Amino acid sequence: MIITDIQLAADLLQKGELVAIPTETVYGLAANGFDGNAIAKIYEVKNRPQFNPLILHSNSWEKFTSWGLELPKEALKVADKFSPGPLTFVVPKSNKVPDIITAGHTSVAIRIPNHAVTLSLLSKLVFPLAAPSANLSGTVSPTQAIHVEKQLGGLIGAVLEGGECHIGLESTIISFVNPQQPKLLRLGGLSVEEIEDTLGFKLKKDSLLNNENPQAPGMLSRHYAPKTPMALGLPNDLPNHLPIEDLACIRFSRYLPEIPINNQIILSESGDLNEAAQKLFSAIRKADEMNKKLIVAEIFPDEHLGRAINDRLRRASIG
Ligand code: TXA
Ligand code: MG
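Please read all numbers here as calculations on a predicted model, not as lab measurements.

**Some details on the overall build of the protein chain**
Looking only at helices and strands, the protein chain has 10 helices and 14 strands in total. Radius of gyration (C-alpha) of the protein chain: 19 Å, near the 20 Å computed for a compact globule of 319 residues. Here the C-alpha coordinates of the protein chain stretch approximately 60 × 45 × 35 Å along the principal axes. Out of the 319 residues in the protein chain, the part that is buried amounts to 58%. If you take every contact in the protein chain between residues at least 6 apart in sequence, the share linking residues at least 24 apart comes to 66%. When the accessible surface of the protein chain is totalled, it reaches about 13400 Å², and 51% of it is carbon and sulfur. Each charge sign in the protein chain was given a centre, from 31 positive and 34 negative side chains, and these centres are 3 Å apart.

**Section: the domain arrangement of the protein chain**
Much of the literature gives interface size as the accessible area that the parts lose upon coming together. By domain assignment, the protein chain separates into domain 1 (2-205) and domain 2 (230-316). If you average the C-alpha positions of domain 1 and of domain 2, the two centres end up 28 Å apart. Buried area between domain 1 and domain 2, both sides added, is near 1600 Å², and the carbon and sulfur share of it is 54%. The three residues of domain 1 that bury the most area against domain 2 are Val-140, Leu-169 and Leu-187, which together make up 36% of that side's buried surface. Between domain 1 and domain 2 we count one salt bridge in total. Our count for the contact surface shared by domain 1 and domain 2 stands at nine residue pairs in polar contact (both at pLDDT 80 or more). Taken together, the residues that form the side of domain 1 that touches domain 2 break down as nine nonpolar, nine polar and five charged.

**What about the sheet that holds strand β13 (residues 264-266)?**
Judged by pairing direction, the sheet is parallel, and its four strands sit side by side in the order β11-β14-β12-β13 without closing on themselves. At either margin of the open sheet sits one strand with a lone partner, and together these are β11 (230-232) and β13. Mean inter-strand twist for the sheet, computed between neighbouring axes without regard to direction, equals 20 degrees.

Cut-offs applied
- Residues numbered from 1 in each chain as written.
- Chains lettered and ligands numbered in written order.
- Predicted model: local features only at pLDDT ≥ 70, side-chain atom pairs only at ≥ 80, totals over all residues.
- Heavy atoms only, no water.
- Helix = DSSP H or I, 4+ residues; strand = E, 2+ residues; numbered from the N terminus.
- Rg over C-alpha atoms; globule rule 2.2 N^0.38 Å.
- Buried < 20%, exposed > 50% of the residue type's maximum accessible area, 1.4 Å probe, protein only.
- Contact = heavy atoms within 4.5 Å.
- Areas by Shrake-Rupley, 256 points an atom, 1.4 Å probe, with all protein chains shown as cover.
- Lys, Arg positive; Asp, Glu negative; His and termini not counted.
- Charge placed at Lys NZ, Arg CZ, Asp CG, Glu CD.
- Domains from an automatic or database assignment.
- Buried area = accessible area lost by both parts, 1.4 Å probe.
- Salt bridge = Lys/Arg side-chain N within 4 Å of Asp/Glu carboxyl O.
- Polar contact = N/O pair within 3.5 Å; in protein donor to acceptor, adjacent residues only side chain to side chain.
- Nonpolar A, V, L, I, M, F, W, Y, C, P; charged D, E, K, R; others polar.
- Pairing = 2+ DSSP bridges.
- Axes fitted to C-alpha atoms, helices over the stretch in contact; angles between N-to-C directions.

Next up, the structure:
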């Protein structure tokens, strides 16, 4: 059921039900972050591995502080500049946070999402919302209420309508567990360049190279996967030559002349990486619905949000 009543969403959450919520990045599948039974439903509905910890969302750092979750002073410059926004901070956990949130880790991920509807919802609540992306584990993240309704509608209390997500990629995750040496755990909707410019130094990044790193299981090697197999590059460079009519193409800004236009999706005619990021997950869904034998996605420029786009495309592809 898609609803627009924020108070109804708050009441359902209060009662321990799951509500999908809009954020600027992707829709989240929310539960009361202090209610172990409600949180357990998230894992069940998503079929999410128990070892994959959740992000807690609220509308102010003061609330997080009141729950014993503090940003270290080294994180404040970045938090002031980019929160609310597509950035998640991993900090030491407090006793108030149930272990099921952190999958047993001693740290917890927290963020203030930048979406008017959800900020209004959060301001009504005296607890944080645990919210992974509102999709079955391993599939493409939802960027519209209807994406959630189609996949999970029958299994959850409601989907709160908030329009199309304007960033379109999940938040960038940085661990401040060691405040002197913040570490990038996931590329996402805020570019690493912007964060590093604000910090004045480079982030540690080695964990990203390790696909099976259990610290950030969202980084598992096959994630965001459509039903149709997907490959990266140009059709002519692929090892197995399929007839062109069997291909769906996801392109940055230019059509490929050799492929029928109806089988191609352009993410940004003006070559804008932010626009491309915003449309990426919808495009993967559309390409999947073309029911071709293979989706071929262009490799994006390795800078700004192009890096996060390439990361998602790699995880959605066959390797
Ligand atoms: O934009 C987003 O972050 C969205 C919206 C709904 O807020 N949420 C989202 O959640 O992408 P999810 O569950 O799909 O991804 C959360 C990621 C996972 O990769 C998880 O491993 C990582 O956060 N994570 C959570 N707690 C962590 C912790 N204590 N240490 C390291 N990674 C953590
Ligand atoms: Mg996810």
